[in-house]
Amino acid sequence: MALETDPPRPLNGLRWMVFQLVERCNLRCSMCYEWGSEGTYHGLGELATLDYDVFERVARECLAERPYFEFFGGEPLLHPRIEDAIRLIREGGSTLAIPTNGVLIEEQAEMLVSARPTGLWISLDGPEDVNDAQRGRGVFRRVTRGLDRLIELRNRQDQTLPRVGVTFVVTPSNHTRIEEMFLDQLDLSRLDDVSIEFQNFATPEEVDAYAEVVRERFGVESTPCARGYAQDPAQFADMDVEAIADQITRIKERCRSLGVRFFSNPRTVDATNYRRYFDARWAEMADARSRCAFPWIYAEVSARGDVTTCHSFYDHAVGNVHEQSLGEIWRGPRMAALRQHLRKELFSICTACCRYYNNSISSVEDGGSRS
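Residues numbered from 1 in each chain as written. Predicted model: local features only at pLDDT ≥ 70, side-chain atom pairs only at ≥ 80, totals over all residues. Heavy atoms only, no water.

With respect to the packing of aromatic side chains
Working step 1: Enumeration over the complete set of coordinates arrives at 25 aromatic pairs.
Working step 2: Taking the centre distance of 5.9 Å and the plane angle of 80° together, the rings of Phe201 and Tyr277 count as edge-to-face. Taken together, the residues Phe201 in the loop between β6 (193–198) and α7 (204–218) and Tyr277 in helix α10 (residues 271–278) connect sequence positions 76 residues apart. You'll find Phe201 and Tyr277 in the same group, each marked buried.
Working step 3: Counting every residue linked through ring pairs, the aromatic cluster contains Phe198, Phe201, Phe236, Tyr274, Tyr277, Phe278, Trp282, Tyr356 and Tyr357.
Working step 4: Its end group placed over the ring of Tyr52, Arg81 keeps NZ or CZ at 3.8 Å from the ring centre.
Working step 5: Looking at Arg339, its charged tip hangs above the ring of Trp330, at a distance of 4.7 Å from the centre. (Phe/Tyr/Trp six-rings, centres within 6.5 Å; stacked < 30°, edge-to-face > 60°. Helix = DSSP H or I, 4+ residues; strand = E, 2+ residues; numbered from the N terminus. Buried < 20%, exposed > 50% of the residue type's maximum accessible area, 1.4 Å probe, protein only. Lys NZ or Arg CZ within 6 Å of the ring centre and 35° of its normal.)

Okay, here's the thing in structure tokens:
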């Protein structure tokens, strides 16, 4: 325990640390806010990769706090030194989760079982025909082959890590076939974790309101990340929320019977709650929140070195690790200004953040909310 006379630690309070290792991705998933048809990353020009030396410096700075770590992309497994990055975190005594589209798992299975990240979250969006319509021809089979290979190697070596999870994002094109994928096409007993999440979005009006606030109060002149989330709720009007709730309930029950950890986002599994979500009536949801804890416990470093406190929106950076240490940014005036604002009110687009619908502290402790 620190004495009262001890100086405050530079990253005191940090519980969750995310690195966007690369902006590049090897898929073009139709609903993706980064690389989908309307994704903001198409306009980036030269794509960034986080320099390993910068990553190592910042990661070592964080390790004293033993936060929960997560890698992100683009596709994080594309980073040229992904194995070194995994080993640094794990040998430093912290947990590490990696969300991935799963395409590279088959060829990297031996490395992943050897380096032992705490968990992999593999994205699938439905049975083969539905998944491949959203993610690309042949993707489902490549991913499931990789999943089988990874589990085979892990079991052969009598290992429990990495934990293997599947993430499913509910969209208008797959919402009637959630159960079919999990209960018919996948063997749930072989998985460790399942997460079913809704497509995050904000209305164009909410994006405009956010852009005005961050421009006037924080001097942020451009908000392309937020623009990537703008959707008209009308596109979700025909989604059968009763069918969605029924399917998720049955999958949740099956997971419980098999000892598979189950996550849902939003957490409250209820048709009325779901209808309010897809109608953008956020304040009426059972999962509505008026506060966000993340600026006090969470930091994310983009592939360009920008530091944010939100996983979804990189537009409002509070510093850059090429210019300052993370500790200086964490305790700096731009972070303080953001915290002061969020003590009073959330941004209009906060309801489009994938972290919003989870209790942040318990999310860290139970393995993190999915992205």
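Next comes the rest of the account.
Some thoughts on the packing of helix α6 (residues 178–185) against helix α9 (residues 241–258)
Working step 1: Direction vectors running N to C along α6 and α9 enclose 25°, while the axes themselves pass 9 Å from each other. Between α6 and α9, the crossing angle belongs to the class labelled roughly parallel. α6 and α9 meet at a crossing whose hand is left-handed. Contacts between α6 and α9 pair Ile178, Glu179, Phe182 and Leu183 from the former with Ile244, Gln247, Arg250, Ile251 and Arg254 from the latter.
Working step 2: Looking at the contact of α6 with α9, its residues break down into five nonpolar, one polar and three charged. (Axes fitted to C-alpha atoms, helices over the stretch in contact; angles between N-to-C directions. Parallel < 35°, antiparallel > 145°, perpendicular 65-115°, else oblique. Left-handed = near helix turned anticlockwise from the far one by under 90°. Contact = heavy atoms within 4.5 Å. Nonpolar A, V, L, I, M, F, W, Y, C, P; charged D, E, K, R; others polar.)

These figures capture arrangement, not role.
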